[in-house]
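# Residue-level structural notes
Listed below, chain by chain, are the residues.
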Amino acid sequence: MEEKCLCEPTEILIFPCSGGSNVGQIANQAGMTLTQEGFGNLFCLAGIGGHVSGMIESTKAGKIIGAIDGCPVACAKKTLEPAGFNIDEYVQVTDLGIEKNHDFNLNPSEVKKVTDPIASRIHRRKGVLSFKGKLYPSFSEGRI
Amino acid sequence: MKKIEILGMGCPKCNELESRAKEAVKGLGIEAEVVKVSDVKTISNYGVLVTPALVVDGVVKVAGKVPKVDEIQEWIK
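Now for a quick tour of the structure.

### Focus on the overall build of chain A
Helices and strands together make up the secondary structure of chain A, namely five helices and four strands. Each helix and strand of chain A, placed in order from N terminus to C terminus, yields the pattern β-α-β-α-α-β-α-β-α. Looking at chain A as a whole, 40% of its 144 residues are labelled buried. Relative to all contacts within chain A whose residues are 6 or more apart in sequence, the contacts with residues 24 or more apart total 69%.

Here's what the structure looks like:
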């Protein structure tokens, strides 16, 4: 595989909480789907919490920070903000009517419920950023 | 002796950072090793998503931009 130069700016960084519940993993899956669809780059929340200098400096280079929390515990928010990062786009999975449990058989339609609002908000920012990814990807049911 | 690593694939920005790092070292008159790292696996092991990046003694000081010589000197002195 051809190696791409990393000097292209990573403008949109997506931090899911990736927590130990269905909603944490829906957040994680949503982050992966948004990345695969070209809306941004999934990035490592644990690296911010762990004070990994490379991840912190790379996050500073991002232009938009999106955070996806599974539940009101809000680990993504509570990790990013004390590290000095302002969250530009924020979604909490339980706010979308998805109940927290520990069933890890994720429902694709629930993941879509999370990706759709974030995708549309990022889409609205298209005039602000010279976005090089696909602008109008369509999320298909059952994609995951 | 300080170890300064320039992370990047060899694009003009990476080369510029290397040049500024060497200038910063020379300006301070300190002993430092300036090493260019272009291996993607090594770069990603630093958690760096965007280059160029400057690493001083294992700590990433900046990523995704080319800092001024005096900024670099603050990190390495």
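### So, the pairing of strand S2 (residues 32-37) of chain B
When a strand is regular, its side chains alternate between the sheet's two faces. Residue and element names in this part refer to chain B. One ladder, built from six bridges, connects strand S1 (residues 2-7) with S2; its direction is parallel. Opposite Lys-3, over in S2, you have Glu-33 as the bridge partner. Crossover S1 to S2 through helix H1 (residues 12-28) is right-handed.

### Considering the environment of Leu49(B)
Among the structural elements, Leu49(B) can be located in the loop between helix H2 (40-45) and strand S3 (53-56). Separated by 14 residues in sequence, Leu49(B) and Ala63(B) have C-alpha atoms that sit 8.0 Å apart.

### Overview of the nonpolar core
The biggest cluster of nonpolar side chains holds 54 residues, and the ones touching the most others in it are Phe15(A), Ile68(A), Val114(A), Val48(B) and Leu54(B). Filtering out sequence-adjacent residues up to four positions away, Phe15(A) remains in contact with Phe43(A), Leu45(A), Ile65(A), Gly66(A), Ala67(A), Ala76(A) and Leu80(A).

### Side note on the packing of helix H1 (residues 22-36) of chain A against helix H5 (residues 108-124) of chain A
To describe two helices that pack against each other, one gives the angle between their axes and the distance between the axes. Residues and elements named next belong to chain A. Between H1 and H5, whose axes approach to 9 Å, the crossing angle comes to 50°. Classed by the angle they form, the pair H1 and H5 counts as oblique. Where H1 crosses over H5, the two elements pack in a sense that is right-handed. In contact with Ile-26, Ala-27, Gln-29, Ala-30, Thr-33 and Leu-34 of H1, H5 contributes Glu-110, Val-111, Val-114, Thr-115, Ile-118 and Ala-119. Tallied by class, the residues present in the contact of H1 with H5 amount to eight nonpolar, three polar and one charged.

### Here's the deal with the environment of Gly64(B)
Of note, Gly64(B) is situated in the loop between strand S4 (59-63) and helix H3 (69-76). Here the alpha-carbon distance between Gly64(B) and Ala53(B), two residues eleven residues apart in the chain, equals 6.2 Å.

### Regarding unusual backbone geometry
Geometrically, the link from Thr51(B) to Pro52(B) is a cis peptide bond, its omega value of 5° lying close to zero. Here Pro52(B) is to be found in the loop between H2 and S3. Although it is not a glycine, Ser18(A) sits at a positive phi angle of roughly 55°. Considering the arrangement of structural elements, one finds Ser18(A) in the loop between strand S1 (12-16) and H1.

### Description of the sheet that holds S1(A)
Residues and elements named next belong to chain A. Judged by pairing direction, the sheet is parallel, and its four strands sit side by side in the order S2-S1-S3-S4 without closing on themselves. A single partner strand is all that each edge strand has here, and the edge strands are strand S2 (41-42) and strand S4 (89-92). The pairing of S1 with S2 spans two bridges and is classified as parallel. Its bridge partner lying in S2, Ile-14 is registered against Leu-42.

Calculation rules
- Residues numbered from 1 in each chain as written.
- Chains lettered and ligands numbered in written order.
- Predicted model: local features only at pLDDT ≥ 70, side-chain atom pairs only at ≥ 80, totals over all residues.
- Helix = DSSP H or I, 4+ residues; strand = E, 2+ residues; numbered from the N terminus.
- Buried ≥ 20, exposed ≤ 12 C-beta atoms within 10 Å, placed from the backbone.
- Contact = placed C-beta atoms within 7 Å.
- Pairing = 2+ DSSP bridges.
- Right-handed = clockwise from strand over helix to strand, strands pointing away.
- Core = buried A, V, L, I, M, F, W, Y, C linked by C-beta atoms within 7 Å.
- Axes fitted to C-alpha atoms, helices over the stretch in contact; angles between N-to-C directions.
- Parallel < 35°, antiparallel > 145°, perpendicular 65-115°, else oblique.
- Left-handed = near helix turned anticlockwise from the far one by under 90°.
- Nonpolar A, V, L, I, M, F, W, Y, C, P; charged D, E, K, R; others polar.

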